[in-house]
Every structure is written in structure tokens, then in C-alpha cells.
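Topology and contacts: notes
Listed below are the residues making up each chain.
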Amino acid sequence: MHQGQASPIRSLPRLLIVGFLIFGTFLRVFHLDHKIFWMDEVATAVRISGYTFAETAEQLSSRPFFGLDDLHRYQFPQRIHTPGDTVHSLMAEDAQHPPLYFLLVRRWVELIGPSVGAIRSFSVLTSLLTLPALYWLCRELFEKTIVGEMAVVLAAVSPLHVVYAQEARPYSLWILAMTVASALLTKALRTGQMRWLYPYALVCSLGLYTHLLFSLAMLGHGLYVILWEKCHVTRLGLAYLGASLTAMVSFGPWLYVLWHHPPGQGLDWLEQNASFARLLTRWAGLLSRTFLDLGISPASLDQLGLAFTVLTATVSLALLGLVAYGLYHLQRFVRKGPWIFVLCTGSATTLPLMLTYFFLGQQMFVTRYILPITLILQVVMAFLLAKQLSVNKLPFKRRLWKLIAVFVIACGVFSCAVRAPAMVWWNQSPTINGELPFVAQQINRSERPLVVGNATQTLTLPILQTLGHLVADKTQFQLLTEADQPFSQGRFRQIFIVDPSGDLVAALETAYGEPARPIARWVWQVSDPISAGAASGGS
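Numbers given to residues run from 1 along each chain, matching the order in which its sequence is written. Reporting of local features is limited, given that this is a predicted model, to residues whose pLDDT is at least 70; pairs of side-chain atoms are given and counted only at 80 or more, and all residues count toward the totals for whole chains, interfaces and linings. Here the side-chain values reflect all heavy atoms present in the structure, with hydrogen atoms and water set aside.

Another aspect to go through is the overall build of the protein chain. We count a stretch as a helix when DSSP gives it H or I for four or more residues in a row; a strand needs E for two or more, and each element gets its number in order from the N terminus. Scanning the protein chain for helices and strands turns up 24 helices and five strands. For the protein chain, with 539 residues in total, the buried portion stands at 54%. Here, two residues are considered to be in contact whenever any of their heavy atoms come within 4.5 Å of each other. Restricting to contacts in the protein chain with at least 6 residues of sequence separation, those with at least 24 account for 79%. Methods summary: accessible areas were calculated by the Shrake-Rupley approach with a probe of 1.4 Å, and residue burial reflects only the protein chains presented. Total accessible area on the protein chain stands at roughly 23300 Å², and carbon and sulfur atoms take up 63% of it. Each residue's exposure class comes from its accessible area (1.4 Å probe, protein chains only) as a fraction of the maximum for that residue type: buried when under 20%, exposed when over 50%, partly exposed otherwise.

Structure (C-alpha cells):
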């Protein structure tokens, strides 16, 4: 060895890896049931219960009043319902979400017991299983232990992995399916052994039944095989085609469901006609969440100080700059296999989303839609750091890249620490759900509170079910089908109106003779003078 040079690092210390695995597990289970059980998670709970939202609204609105036990009955598996009812619920109201995740969570909750933590813990499990799958993928791509180890460390503290590990939605399972399928395909291409394509077909089928956008990962895999085989027709290429077709044919029954039960709301919630500059800014911010996430969302930008915004943007650009440098090294100094994988997988997700912007005017760059790209970012960052630490370098450069590695990992750890105590985060629609903890505090401070909603309003029932996990047992609820329904004056002291229509507010003001006032964007309050007078007289 030449004087002044340091010996290369062939692998990370085992104790370090074990430590990060333990720490990553802790991050995923910490305050698991503390986060707000927001509306998308409520939708998961309703699906696994076997009810539809329409059935839930109909049954609850048939009662004069109902409490928390009645509300929670529609959020956990019931003996009167079967897994077939879960599938029917999705077919009837939410066919854009295939049934595999919901069926697995239903069985999971039946095994370990009904609770918010139980529903979310399945995502914790799939997120933890992604760590060894990512190690395997990197080993197949680069054939070096240290790249896989670095990828595991980065993913263990990745704020994006932790966010979706604590959410009762199918995204962690989707990430796991993408990672395993990519590892199986790379194994088949690298070894030339077609037997690896049998489990690949199975995992692709499961991935399609997990999330419709898994089809983009399969598109990327197809391009990967074409470029790997240099556009030649080969036995391995034909075997891959057979495996992919098998997976797609197996998904045929749900395609039939989608055809006959098209999504009702579609993509109307997506931002329309955003400028291209805004799109690029948003895209950079979303991608940087792979390594740094301080809870910033487009809705919160105006509330942040200039210094904080500049600092966060600088760190985010530095992290993305490292990824760009890694892409340069990947294309310049490594055999073509890993570069082809990164290029094809990233393009297969990016290009369709860009086309929706240019031709439909909808920007679909929301974090959960670009998860395949964030997976690629982690692979590239792991490769770059591992490469720089595992080659002979002068002491100064060696120390510099150690500091850079510590910096990248520290960004993830700091992000998770910032998020840990928060009840609401950017992925939980803070414009609606961010106010609900405050609303729950007002309800809990009230004497004899009643929460009223109109069953015909789309957001009413999900908000009621979210509030049901925040308010005290004394709270009663009333779900109305018509605004002129009687309201039982004198029984409740404070009435809170959720997602109020003008007719409902007017009817309540007429019934109680008091003006209603907003206490949050989605909740109004009115006092019952009869009840207040009775309480004063009684004292």
C-alpha cells in the first residue's frame, strides 16, 4: 500500500448495521397510534370492516344519536362480514385500489386485535421486510456487499420509508413488491437462469393487486430487459415476456372490475394548470423527501420564514446534487447493467407523469405516485457513498466522504426526530386534518357535546370517524339525511357541525335560535340556549 493512502472499506461494521436496523424499527413503531387516524386511513378501516361508506351512512343516520362504540363498529372486521364483503366494498366505491392489501390487513387485524396500531402495524412489517429486499437488490445490481449495506442504513432512517410505514395504506407493500420484483428480474438477467422468472411472475401479480401503478414498474422492467438483451430476441427475453403476460392475465379479473366500476372521484383533487416552473420546484421538493423531510408541503410554504426556506432548499439541493453525481459515476464508471436498471425504472415512472401534465394539464407529482423514483434515488446514493468509501483514497478525501455519508444519514435521523412527536404530517392532508386535533380539544372541553353532520356531504363521515379517535366517550354524534330533521333541543349544551352545508347551518340556527360560528375550516359551533338555561337554573 502506498504511503498516505487508507485501506478500502469492503463492508460496514456488522454492529453498525444491526444498530441501524434496531433504530429503524424503533422509528417505525414509535407513537404508532399517536398520529391522527386521517381520512384515507379511515377508508382502509371501512374497507376491512366489510362495509361501504354508503351502508355506514345509511345505518348511522337511521339512529337519533350514536356514540364512539357505534362509530368504531364500522372500522374493524366484523363476524357478520367476510373477506368477500371487503372486496365488494372496494368494487362498489373504490375500485382504483386493488384488494390484496385490504384483505391482508383484514386478516392481520383479526389475528392481533382491533386497534389503530394494529391496522398500521402491517405497514410497519412490510416496511421492515423492504430492508433485506433492498439489500438483495443492490447485491444483484452491483455484486458488492457494501452497496447493499449502505442502502439498508439509508432506508432504515429514510423519512419517506418511516412516513409510509406508519400509514394504513398500501404504499409500503407496494414498495416491497417493487423491490423484490426488481431483485428477482436482475437475478435472472445476471445469471441467465430463467427459473427466477417464476417467482417474478408471482410477485408482479401480487404487485398489480396491491397498486395500479405497479404497472409502471413492470413497464420499466420491460425496457430493462430490452436494453439488457440489446434488442435481440433471446430465450431469456421470451421467458420474461411470458412471465409478464402471466402476471397481467392474472390481473384480468380486477381489470374487468375497473371497467364496470370506474372510479367515481377520479383525479379531480389534483392541481390543475400548474406552471412548469412550479412543477419542477415541487418535483425537487418531493424527491428530496427521500433523505430530508421537515414536514414542508406546498400549502405551508407561505408560513415559513425566509431563512428556514433557504436553508432547507440548500440542503435539499445538495442531497439531489449528490444523487446527480452518483448518476454520473454510475453511467461513467460502472458496467451497464445497474445504469440500465436505473434509467429504465426512473423513466417508466417519470415520463407517464410528465405526459399527464403536458396533455391533460394535471400534475400528478405527489409523493406516493413517485415511490419507484425515490427507490432509485436510494440505490444511487447507496452506490455513490459505498463507492467513495470502498476505494483507495487520500486521507483527506476519505475523511470528506465519511463526513458526507454521516451528513446524509443525519438528515434522515433529524427528519424522523422532527416528525416523531407530530400528530399531523404532510401526507395526512393537513389542510383538513390539521385542524381536527384543535376541534377535538374544543369538543372535549364542552359539556354534553353533540357532533352533527349531513350524510349527503362527501367529507362528513370520514371527518366524523377521524374525530371519533380524538374525542372523549361523552361525545354523541348525529348524522342527518335532511337539513330540516329535528335536533332535540335541551339535551346537548354545545353542537358542533362538521362539513356544514348552508342549509344545515340555517336549520340549526333556526332550531336553536343562536348564530353558528366557525371554529375551524370544516367545523362550526352553535350553543343550545335551552340547555344552557336549564344548567344555570339547576345550579
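Structure shown, so let's carry the discussion forward.
Attention shifts here to helix α19 (residues 395–419). Each helix should span, by expectation, one fewer than its residue count multiplied by 1.5 Å. Counted at 1.5 Å a residue, the expected span for α19 with its 25 residues is 36 Å, and the 36 Å between its end C-alpha atoms agrees. Where α19 is concerned, the buried positions are Arg398, Trp401, Ile404, Ala405, Val408, Ile409, Cys411, Gly412, Ser415, Cys416 and Arg419.

Moving on, we get to the sheet that holds strand β2 (residues 476–480). Strands are treated as partners if at least two bridges between them are detected by DSSP. Read across the open sheet, the five strands follow the order β2-β1-β3-β5-β4; overall the sheet is mixed. For this open sheet the edge positions go to β2 and β4 (517–520), each flanked by a neighbour on one side alone. Recorded for the sheet is a direction-independent mean angle of 30° between the axes of neighbouring strands. Here an axis means a line fitted to C-alpha atoms, over the contact stretch when the element is a helix, while the angle between two N-to-C directions is reported on a 0 to 180 degree scale.

Counting buried positions over the five residues of β2 gives four, a clear majority of the element. Relative to β2, strand β1 (residues 449–454) runs parallel, the two being bridged by five bridges. Residue Gly453 lies in a different strand from β2, and its bridge partner there is Leu479. Remark: the β1/helix α22 (residues 460–467)/β2 crossover connection has right-handed handedness. Call a crossover right-handed when, viewed with both strands pointing away from you, the route from the first strand across the helix to the second goes clockwise.

Moving on, we come to the packing of aromatic side chains. Note on aromatic pairs: each is described by the distance of the centres and the angle between the planes. Stacked, edge-to-face and tilted labels apply to pairs of Phe, Tyr and Trp rings (six-membered ring for Trp) whose centres lie within 6.5 Å, assigned for plane angles under 30 degrees, over 60, and everything in between, in that order. This structure, assessed with the given rule, holds 18 aromatic pairs. Geometrically, the ring pair formed by Tyr325 and Trp401 is stacked, given 6.2 Å between the ring centres and 10° between the ring planes. Separated by 76 residues along the polypeptide, Tyr325 in helix α16 (residues 306–333) and Trp401 in helix α19 bring together distant segments of the chain. Accessibility expressed as a relative area gives 10% for Trp401, which makes it buried. Through a chain of ring-to-ring contacts, the aromatic side chains of Tyr101, Phe102, Trp108 and Phe122 assemble into a single cluster. Should the NZ of a Lys or the CZ of an Arg lie within 6 Å of a ring centre and within 35 degrees of the ring normal, that charge is described as sitting over the ring. Taking NZ or CZ as reference, Arg289 lies 3.8 Å from the ring centre of Trp426, over its face.

Within the patch definition used here, like charges are joined within 9 Å and nonpolar side chains (Val, Leu, Ile, Met, Phe, Trp, Tyr) within 5 Å, considering only residues with over 30% relative accessible area and no salt bridge. Any Lys or Arg side-chain nitrogen found within 4 Å of a carboxyl oxygen on Asp or Glu counts as a salt bridge. Among the surface-exposed residues, Leu219, Leu223, Ile226, Leu227 and Leu343 lie close enough to one another that they form a single nonpolar patch of about 400 Å² accessible area. Here the nonpolar patch gets four residues from one element, more than from any other, and that element is helix α12 (residues 214–228). Locating Leu219 in the fold gives a position in helix α12.

We call a set of buried Ala, Val, Leu, Ile, Met, Phe, Trp, Tyr and Cys residues a nonpolar core when their side-chain atoms join them within 4.5 Å. With 154 residues, the main nonpolar core has Ile119, Tyr200, Phe214, Leu385, Val408 and Leu467 as its most contacted residues. No other element matches the 14 residues that helix α18 (residues 371–389) contributes to this core. Once you skip the residues sitting within four places of it in the chain, Phe214 turns out to touch Trp174, Ala177, Met178, Ala181, Val203, Cys204, Gly207 and Leu208. Residues Phe65, Leu480, Phe492 and Ile497 belong to the second largest nonpolar core, which totals 13 residues.

Okay, α12 next. Compared with an ideal rise of 1.5 Å per residue, which puts 15 residues at 21 Å, α12 spans 21 Å between its outermost C-alpha atoms and is within 8% of the ideal. Turning to α12, its buried residues number three or more, namely Phe214, Leu216, Ala217, Met218, Gly220, His221, Gly222, Tyr224 and Val225. Of the residues one or two after α12, Lys230 is the one with positive phi, at around 55°.

The next thing to look at is the pattern of salt bridges. What the rule picks out here adds up to 10 salt bridges. The salt bridge partner of Glu110 is Arg106, with a shortest N-O separation of 3.5 Å. Taken together, the positions of Glu110 and Arg106, both in helix α6 (residues 100–112) and four residues apart, correspond to about one turn of that helix. By relative accessible area, Arg106 is classed as buried at 2%. Sharing partners across several salt bridges, the network here consists of Glu140, Glu143, Lys187 and Arg190.

Our next topic: unusual backbone geometry. Despite not being glycine, Ser429 shows a phi value in the positive range, around 50°. Following the sequence through the fold, Ser429 ends up in the loop between α19 and α20 (430–433). Among the residues examined, Ser429 registers a relative accessible area of 23% and is labelled partly exposed. Even without a glycine there, the phi angle at Asp499 is positive, about 45°. Tracing the backbone through its elements, the reader meets Asp499 in the loop between β3 (494–498) and α23 (502–512).

Summarising burial for β3: five of the five residues are buried, a large majority. Alternating residues of β3 divide into Gln494, Phe496 and Val498 and Ile495 and Ile497, and every residue in both groups is buried. Where β1 lies against β3, five bridges are found, and the strand directions are parallel. When the sheet's bridge partners are listed, Gly453 is paired in β3 with Val498. Sheet analysis places β3 next to strand β5 (residues 523–527), joined by five bridges and oriented antiparallel.

With that settled, consider the packing of helix α1 (residues 14–29) against helix α8 (residues 145–156). The description of two packed helices rests on the angle between their axes and on the distance between the axes. Between α1 and α8, the shortest axis-to-axis distance is 8 Å and the interhelical angle comes to 25°. With respect to α8, the element α1 is oriented roughly parallel. Seen along the crossing, α1 lies across α8 with a hand that is left-handed. Counted together, Arg14, Ile17, Phe20, Leu21, Gly24, Leu27 and Arg28 of α1 and Glu149, Val152, Val153, Ala155 and Ala156 of α8 form the full contact between these two elements. Working definition: roughly parallel below 35 degrees, roughly antiparallel above 145 degrees, roughly perpendicular at 65 to 115 degrees, and oblique for all remaining angles. For any pair of crossing helices, the crossing counts as left-handed if the nearer helix is rotated counterclockwise from the farther one by less than a right angle, and right-handed if it is rotated clockwise.

This next bit is on the packing of helix α2 (residues 39–49) against α22. The contact between α2 and α22 brings their axes to 9 Å, and the two run at 90°. In terms of their interaxial angle, α2 and α22 are classed as roughly perpendicular. Where α2 approaches α22, its residues Met39, Val42 and Val46 are matched on the opposing element by Pro462, Ile463, Gln465 and Thr466. Classes in brief: Ala, Val, Leu, Ile, Met, Phe, Trp, Tyr, Cys and Pro nonpolar; Asp, Glu, Lys and Arg charged; the others, Gly included, polar. Considering only residue class, the contact of α2 with α22 consists of five nonpolar, two polar and no charged.

Time to look at the confidence of the model for the protein chain. Confidence of the predictor at the level of single residues is captured by pLDDT, which takes values from 0 to 100. Per-residue confidence for the protein chain gives a mean pLDDT of 86; residues scoring 70 or more make up 86%. Model confidence for the protein chain, summarised as mean pLDDT per element, is weakest for helix α24 (residues 529–538) at 48 and strongest for helix α11 (residues 197–208) at 97. For the stretch residues 532–539, pLDDT sits under 50, and the model shows three contacts to residues farther than four places along the chain or on other chains.

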